[in-house]
Amino acid sequence: MAPRQQQDGEGSPLLNKDEPHSEFRKMELNRQSSSFIGDVNAGSKALCEKSAIFCLCLAALGLFVGKHAYHYVQLKTGALTPTGPYQLVEAHEGKDFFSFYDFFDGPDSLGSAGHNMYVSLGKATELDIASVETETDARTGEEGEFVYMSSAPTRKGMRDSVRLEGKTRFNRGLFILDVRHMPDGCGVWPAFWLTDEANWPRNGEVDVLEGVNGQTTAKTALHTSQECDMYAHVADYAKTGDWERITGIPDTFSGEPDFTTNTPADNCWVMAPHQWANEGCTAVHDRNDTIGAPVNAVGGGVYALEWDPANHYMKSWVFSPDIPQNLQDAIDTAGKDPSERVMPDPYSWGLPYAYFAVGDTTGCSADHFKNMRLVFNLAFCGNVAGNRFSRECPALAKKFNTTNEWGAHDPVLTCNAYIESNPKALEEAYWKIKGVFVYEREYEKPKKQQSNKDEEAGEEES
């Protein structure tokens, strides 16, 4: 059996009742006991105070994690969907523009193989090929800040250029580019696009603005892994443009170009049969003055891509020179207080020139596009502009004709020779950008569809 707890001084081996100073020793023992209990109480109080702070922090952390876990569950179960109105998430403009990007420093990728070397922010600033300038805005007549990006010749021949890679990854959004001048000319290959290079083509690529050798017709192209097909999923009335037509693919057996077959580029898979390698699904604008020199001549334009997997589509617009009032107001107020901003309403802009069916019930699941970032780059020649140089710039190709080791005309080497001559025409190969604006839809509870009984009841009442 366990002993019971002793009372103060009771049965203490230090206390003899018959000892002369027993009363004094009893008082001293009680004092020491009280002091010990006091120390314990003080320590307990401090411990409790620390515990309270710890508990409060733990509770706050639990609330934070719990809130986000609950939000995550709601998203995964479909209790919340990104179908609400658009809200601004990033505005890349003025002196802050470059803070949203990393400058890639190194040669072009093997897939592009441009005749250029991308440089760091420091080198680009030193060469004066990346800057922000204050000028009068031709549209408003007021002072504004504009971003300039271009290139510079080198002794080695290939040009120093810029490639900006966005710091933010996106899985949806409305992306708006207000550009006042874009690089243009033979051998020039500028692009504004979305991609996840480390997981290409699995996570997709979207070319919003891309021009080659002075093209004047805008295109939007998607590049994906297998099983992303637009065939029979996009109605003609949903867009104003058309699919790019493909012909001249070499015959499988003879190797001779087949010009009798003409097919639409509506399969986004980079290895789709009966399309050029990495052609992807490519939508072409119905006007031939929507990129390059014609747009530069009127002071630029606005390019918009709406990537909306919740509503099962991607759409693309070009506005030049006329810009919808809602879109212009959204751009003009993006830098203001949230209460003063005008949110973009793509439904008020008219039909897009490009429409891609992406998401449930389509031929291209939404997971073909994810974790992508924005990219600006300015390349020269390479696998696209170079290979097409002789066909699209025949006079220059004749003047700078260069042969390969077998003595045959080489369009890429010919293009490189032209670029290395540092022609005056390359003065037009520069970006002038007012801003990039990214919006995302707010999350909301999906609207419940009426049941058949409700619909029948409504019909009876009417």
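(A) Focus on the sheet that holds strand β7 (residues 159-161). The strand order across the open sheet built from three strands is β3-β4-β7, with neighbouring strands paired in mixed fashion. Single-partner strands in this sheet number two, and they are β3 (106-107) and β7.

(B) Up close: the pairing of strand β5 (residues 130-136). Examined bridge by bridge, β5 and strand β6 (residues 143-149) share seven bridges and lie antiparallel to one another. Opposite E135, over in β6, you have G144 as the bridge partner. Where β5 folds back onto β6 in an antiparallel hairpin, the turn is made up of six residues, including G141, whose phi is positive at roughly 80°.

(C) Broad picture of the packing of aromatic side chains. Within the structure shown, the criterion is met by 17 aromatic pairs. Consider the rings of F170 and F175, whose centres lie 5.2 Å apart with planes at 85°: the pair is edge-to-face. Residues F170 and F175 agree in their burial class; the two are buried. Every member of this aromatic cluster is reached through a ring pair, and the members are F97, F98, Y101, F103, F192, F376 and W431. One residue, R159, lies across the ring of F380, its end atom 5.7 Å from the ring centre. K315 extends its terminal NZ or CZ atom over the ring of Y313, reaching a point 4.2 Å from the ring centre.

(D) How the structure looks around empty space enclosed by the protein. Scanning all chains against the criterion turns up two cavities of 30 Å³ or more. Taken together, P183, D184, G185, V188, P190, G211, V212, G214, Q215, I291 and G292 make up the full set of residues lining the largest cavity. For the lining of the largest cavity, the residue count by class is five nonpolar, five polar and one charged. Taken as a whole, the second largest cavity spans an internal volume of roughly 40 Å³. For the second largest cavity, the full set of lining residues is P82, Y86, R172, G173, W307, D308, P309, A310 and R441. Split into classes, the residues belonging to the lining of the second largest cavity amount to five nonpolar, one polar and three charged.

Calculation rules
Residues numbered from 1 in each chain as written. Predicted model: local features only at pLDDT ≥ 70, side-chain atom pairs only at ≥ 80, totals over all residues. Heavy atoms only, no water. Pairing = 2+ DSSP bridges. Helix = DSSP H or I, 4+ residues; strand = E, 2+ residues; numbered from the N terminus. Phe/Tyr/Trp six-rings, centres within 6.5 Å; stacked < 30°, edge-to-face > 60°. Buried < 20%, exposed > 50% of the residue type's maximum accessible area, 1.4 Å probe, protein only. Lys NZ or Arg CZ within 6 Å of the ring centre and 35° of its normal. 1 Å grid on protein atoms, 1.4 Å probe; cavity = no way out; pocket = protein on both sides within 12 Å on 5 of 7 lines; lining within 4 Å. Points joined across faces, edges and corners; volume = space filled by probe spheres on them. Nonpolar A, V, L, I, M, F, W, Y, C, P; charged D, E, K, R; others polar.

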